[in-house]
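Each chain is listed here by its residues.
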Amino acid sequence: MSTRQSLAQPADHDDQADTAEPAKPSRPGRTAYRRGAANPNGSTNALRADVLSALGVLKVATADQLQRLLRPGAASNTAIRQALRDLALHSLVASDGNTKARHKTWRLEGTAGLEAAAHVLGVPRSDMGSTARGAGRSGAQHAMAVNETVLAFILGGTAPDAPGGVGTITDWSTEVEFVLPGGRRKVRPDAVWQAPEIGVPVLMVEVDRSTMAPERVAAKFAAYRELFRVKVRDNDPARSDEAAADRTVHWWRRAYPGHTRPGYPPVALVVTDAGPVALANRQQKVRDLARDAWGGSWWTMRSDNAGGDGWREYDDAVPVIATTLELLAEHGPMGPVWWRYGRDEVRYSLLEALESPDTRAAYDERQKAREKKAEEEHQELMKTLACADCGNVPYWESTQEYGPKGRQTWTRRPGGLCWSCHEKEQQRREQEREAQAQAQLEAAREANAKLRPCWTCRGSIGGKAGSSLELKEKAGPDRLECPHCESDREDQELGPLVLPAPTRRELLAARVSAPADPWWKDRVRHAELYPVKNRAA
Ligand SMILES: [Zn+2]
Ligand SMILES: [Zn+2]
């Protein structure tokens, strides 16, 4: 895998240019140019160095692009054209042709051009790639689109309120080539951007001019995933206690350190060269076709009762953000231009778009909120079940309790009682009933004690106090026996009690004065009911 090492910090171009201008003329491997005669077009060292570095990165560019990139405040590209002509005189740059819009395309020329650019950029010659010789002959349309993408990143949007750009040309590399395992297939991003200063260690950029079938564009993301899966030996001393076979790390973590987001390094898809509707469809189509590469895996936790809610794990996913070159140029990368695959088709700024959707953390937050809400609702419901007596709020709605009579069903209802208050209430009522019965019994006993006694046993007509047969109310006026004697009579089948009939003498005495015998009336009645001839005795 050949990847260009991270480029040097933005070079102080004037210094670079000065060192590139030795006193003596041409030394092997070095390029000399001198003011005046050496550079008849009057370009400055600084600008020539900037042009070399820009061409070193972009490979092919127009004067207009170089002007916007290097001297954005300049009224025209005259100075750039002067620098290009001076560099061409020294055979460091050359032009092969024109763009469709008839702008001359410029590129580095030969080994000398590559070396000069490598020197200015402060990178090894071996990392310089090609001169893109001949690219201009066909109009270099793809290179121009890549350049406009890079320019939009660096310069920011052209719209009046658009956010500014990020970084410089030295944060970019083109012609980077990654070899996939097996060595036969390669991944070639159109551009590689490194912006660790804003938390983007690396962003692979694919510029799509709508010339390729969406299936082929989508296949690139699968290839990126394959590329990002590759692990290499990790020599981190902190892991020296682990088994050698376990000591591996994804190569890109080493090549582009500082990666903090879930998943693999992100890839930006910039589409262009079609109408807005076609470009929108294209982004959607690629989204659908490449879902396997960017989608991650969906997880749910059944025990959470989250109603189907879940989260995505991105361990093996390539975050993809997409935009059109037109949107990007207008609003810049920090403007709301990026659609993050996997999110609603809302446009986000770069850093927002790089945040993964449906993460576990977001799910956890939603789940916490759900649980809190459920708990609050539960609490509200439980409050309605607060015990009317003691105010106790149940933790759970109780439907069953094990009472003294074994298993019982007990449902707490609004305005009702808790189980223990319910039990107490039952007890209280029971005691009340008992006390009432006792009072009634005592009143009956007292009343019965004043009545004539039992004919048979001469005890209280109410029966023996405290016995189970004792009358619980006042005895009727016709009652002759206490309940015990009555019961005995029944048991012994003695037949009805028949009082002794009044004697002749008693009858005579009754004519004179009312007899004192409390049973007199009953004896008279019995005498009539049971005439003497029927009497057993
Ligand atoms: Zn209670
Ligand atoms: Zn009796």
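Residues numbered from 1 in each chain as written. Chains lettered and ligands numbered in written order. Predicted model: local features only at pLDDT ≥ 70, side-chain atom pairs only at ≥ 80, totals over all residues. Heavy atoms only, no water.

**What to know about the overall build of the chain**
Just so we agree on the cut-off: Every helix listed is a DSSP run of H or I at least four residues long, and every strand listed is a run of E at least two residues long, numbered separately from the N terminus. Only C-alpha atoms enter the radius of gyration, while the globule expectation follows 2.2 Å times N to the 0.38, with N the number of residues. Whether two residues are in contact is decided by their heavy atoms, any of which lying within 4.5 Å being enough. Computed with the Shrake-Rupley method and a 1.4 Å probe, the accessible areas treat only the protein chains shown as cover for residues. Within this scheme the basic residues Lys and Arg register as positive and the acidic residues Asp and Glu register as negative, but His and the chain ends are omitted. To locate a charge, the coordinates of NZ of Lys, CZ of Arg, CG of Asp or CD of Glu are taken.
Along its length, the chain carries 17 helices and 18 strands. Relative to its length of 537 residues, the chain is extended, with a C-alpha radius of gyration of 53 Å against a globular reference of 24 Å. Of all intrachain contacts in the chain linking residues separated by at least 6 positions in sequence, the fraction that spans at least 24 positions is 56%. Summed over all atoms, the accessible surface of the chain reaches about 29100 Å², with 51% contributed by carbon and sulfur. If you average the places of the 76 positive and of the 73 negative side-chain charges in the chain, the two averages end up 3 Å apart.

**Points about unusual backbone geometry**
What counts is decided by this rule: Accessibility here uses a 1.4 Å probe with only protein chains present; expressed as a share of the type maximum, an area under 20% marks a residue as buried, one over 50% as exposed, and anything in between as partly exposed.
The backbone of E175 shows a phi angle near 60°, a positive value even though the residue is not glycine. Within the fold, E175 resides in the loop between β4 (172–173) and β5 (178–179). Backbone geometry at R458 places phi at a positive 65°, although glycine is not the residue there. You can call R458 partly exposed: its relative accessible area is 47%.

**Focus: the coordination of the zinc ion (ligand 2)**
Cut-off, in case you're wondering: Each metal's donors comprise the N, O and S atoms found within 2.8 Å of it (within 3.2 Å for Na, K or Ca). Water is not part of the atom list, so some coordination spheres may appear incomplete. Every geometry call rests on angle ranges, with four donors termed tetrahedral when all angles are between 85 and 135 degrees, four termed square planar and six termed octahedral when opposite donors are over 155 degrees apart and all others are between 65 and 115, and everything else termed irregular.
Donor atoms from the polypeptide that coordinate the zinc ion (ligand 2) comprise C454 (SG), C457 (SG), C482 (SG) and C485 (SG), at 2.1 to 2.6 Å from the metal. Considering all four donor atoms around the zinc ion (ligand 2), the spread of angles at the metal, 96 to 117°, places the coordination shape in the tetrahedral class. Within one chain, the residues donating to the zinc ion (ligand 2) are spaced in sequence as C-x2-C-x24-C-x2-C. Taken together, the residues C457 in the loop between α14 (419–450) and α15 (483–491) and C482 in the loop between α14 and α15 connect sequence positions 25 residues apart.

**A short note on the sheet that holds strand β14 (residues 320–324)**
So the rule is basically this: Between any two strands, pairing holds if DSSP finds at least two bridges. Fitted lines through C-alpha atoms give the axes, limited to the stretch in contact for helices. The angle between two N-to-C directions lies from 0 to 180 degrees.
Ordered by their spatial adjacency, seven strands build an open sheet running β4-β7-β8-β11-β14-β15-β16, and the pairing between neighbours is mixed. Of all strands in the sheet, those bounded by a partner on one side alone are β4 and β16 (347–348). Here β14 runs beside strand β15 (residues 338–340); their pairing, made up of two bridges, is antiparallel. Across the sheet, I321 pairs through a bridge with R340, a residue of β15. Taken strand by strand, helix α6 (residues 141–155) contacts β4, β7 (191–195), β8 (200–208), β11 (267–271) and β15, and its axis lies near 145° from that of β8.

**Some thoughts on the coordination of the zinc ion (ligand 1)**
Taken together, C387 (SG), C390 (SG), C418 (SG) and C421 (SG) make up the protein donors of the zinc ion (ligand 1), found 2.2 to 2.3 Å from the metal. If you list the donors of the zinc ion (ligand 1) from N- to C-terminus, the spacing comes out as C-x2-C-x27-C-x2-C. Looking at C387, the relative accessible area reads 4%, which means it is buried. Accessibility expressed as a relative area gives 46% for C390, which makes it partly exposed.

**Looking at the pattern of salt bridges**
For side chains of opposite charge, pairing can occur when their charged atoms come near one another. So the rule is basically this: A carboxyl oxygen of Asp or Glu within 4 Å of a side-chain nitrogen of Lys or Arg is what we treat as a salt bridge.
Evaluation of the coordinates by the stated rule reveals 39 salt bridges. The shortest N-O distance in the salt bridge between D234 and R239 comes to 2.8 Å. With a relative accessible area of 9%, D234 lands in the buried category. A relative accessible area of 19% places R239 in the buried class. In this structure, R287 engages D288 in a salt bridge whose closest nitrogen and oxygen atoms are separated by 2.6 Å. Residue class for D288 comes out partly exposed when judged on its relative accessible area of 42%. Among the charged side chains, a network of salt bridges with common partners joins R225, R229, D292 and D316.

**Some points on the packing of aromatic side chains**
Working definition: an aromatic ring pair is given by the centre-to-centre distance plus the angle between the planes. Going by this rule: Stacked, edge-to-face and tilted are the three classes for Phe, Tyr and Trp ring pairs, Trp counted by its six-membered ring, which pair at centre distances within 6.5 Å; planes under 30 degrees apart are stacked, over 60 edge-to-face, the rest tilted. Throughout this description, the term charge over a ring refers to an Arg CZ or Lys NZ atom that lies within 6 Å of the ring centre and within 35 degrees of the ring normal.
Evaluation of the coordinates by the stated rule reveals 15 aromatic pairs. Seen from their ring centres, F153 and W172 are 5.0 Å apart, and the 70° between their planes marks the pair as edge-to-face. With F153 in helix α6 and W172 in strand β4, this pair connects stretches of sequence that are 19 residues apart. The pair formed by F153 and W172 is uniform in burial state, with each residue classed as buried. On the basis of an interplanar angle of 85° and a centroid distance of 4.9 Å, the ring pair of W455 and W519 is categorised as edge-to-face. Within this pair, whereas W455 is found in the loop between α14 and α15, its partner W519 is found in the loop between α16 (504–512) and α17 (520–529), the two being separated by 64 residues in sequence. Here a set of aromatic residues connected by ring pairs shows up, and it is made of F178, Y224, F228, W251, W252, Y256 and Y264. The side chain of R343 reaches across the aromatic face of Y348, ending 4.2 Å from its centre.

**Some remarks on the nonpolar core**
Side chains of a nonpolar character, in soluble globular proteins, are inclined to be buried together. Here is the rule: In this text, buried Ala, Val, Leu, Ile, Met, Phe, Trp, Tyr and Cys residues form a nonpolar core when linked through side-chain atoms within 4.5 Å.
In this structure, V51 and W338 are the most contacted members of the largest nonpolar core, which totals 56 residues. Residue contributions to this core peak at eight residues, all from helix α2 (residues 45–58). Within the second largest apolar cluster, 32 residues are counted, among which are V217, V230, W252 and A293.

**Quick notes on the environment of A322**
When you line up the elements, A322 lands in strand β14. We classify A322 as buried; its relative accessible area is 0%. Each C-alpha atom, one on A322 and one on Q492, is 110 Å from the other, the two residues being 170 residues apart in sequence.

**Quick word on the sheet that holds strand β3 (residues 104–108)**
Strand order across the open sheet formed by three strands is β1-β3-β2, with antiparallel pairing between neighbours. On the outer flanks of this sheet lie β1 (60–62) and β2 (93–98), each paired with one strand and no other. Between one strand axis and the next, the sheet turns by 35° as a mean value, whatever way the strands run. Judged from the three bridges that link them, β1 and β3 form a sheet pairing that is antiparallel. When the sheet's bridge partners are listed, T62 is paired in β3 with T105.

**Here we look at the packing of α2 against helix α3 (residues 63–70)**
Under the convention used in this document: Working rule for angles: under 35 degrees goes down as roughly parallel, over 145 as roughly antiparallel, 65 to 115 as roughly perpendicular, anything else as oblique. By definition, any crossing whose near helix is turned counterclockwise from its far helix by less than a right angle is left-handed, and any crossing with a clockwise turn is right-handed. When residues are grouped by polarity, Ala, Val, Leu, Ile, Met, Phe, Trp, Tyr, Cys and Pro land in nonpolar, Asp, Glu, Lys and Arg in charged, and all others, Gly among them, in polar.
Packing of α2 against α3 leaves a shortest axis separation of 11 Å and a crossing angle of 110°. Overall, the two elements α2 and α3 adopt an arrangement that is roughly perpendicular. The crossing of α2 and α3 is right-handed. For the pair α2 and α3, contact is made by D50, V51, A54, L55 and L58 and by L66, L69 and L70, respectively. Residue composition of the contact of α2 with α3, grouped by class: seven nonpolar, no polar and one charged.

**Some remarks on the confidence of the model for the chain**
Condition: A residue's pLDDT is simply how confident the predictor is in it, with values from 0 to 100.
This prediction gives the chain a mean pLDDT of 88; 90% of its residues lie at or above 70. Note that pLDDT drops below 50 for residues 1–34; the model gives that stretch 76 contacts with residues more than four away or on any other chain.

**Describing α14**
This is how it is decided: Helix span, as expected, comes to 1.5 Å for every residue beyond the first.
Given a rise of 1.5 Å per residue, 32 residues ought to cover 46 Å, and the 47 Å separating the end C-alpha atoms of α14 matches this to within 8%. Of all the residues in α14, the buried ones are W419, C421, H422, E425, L441, A444 and N448.

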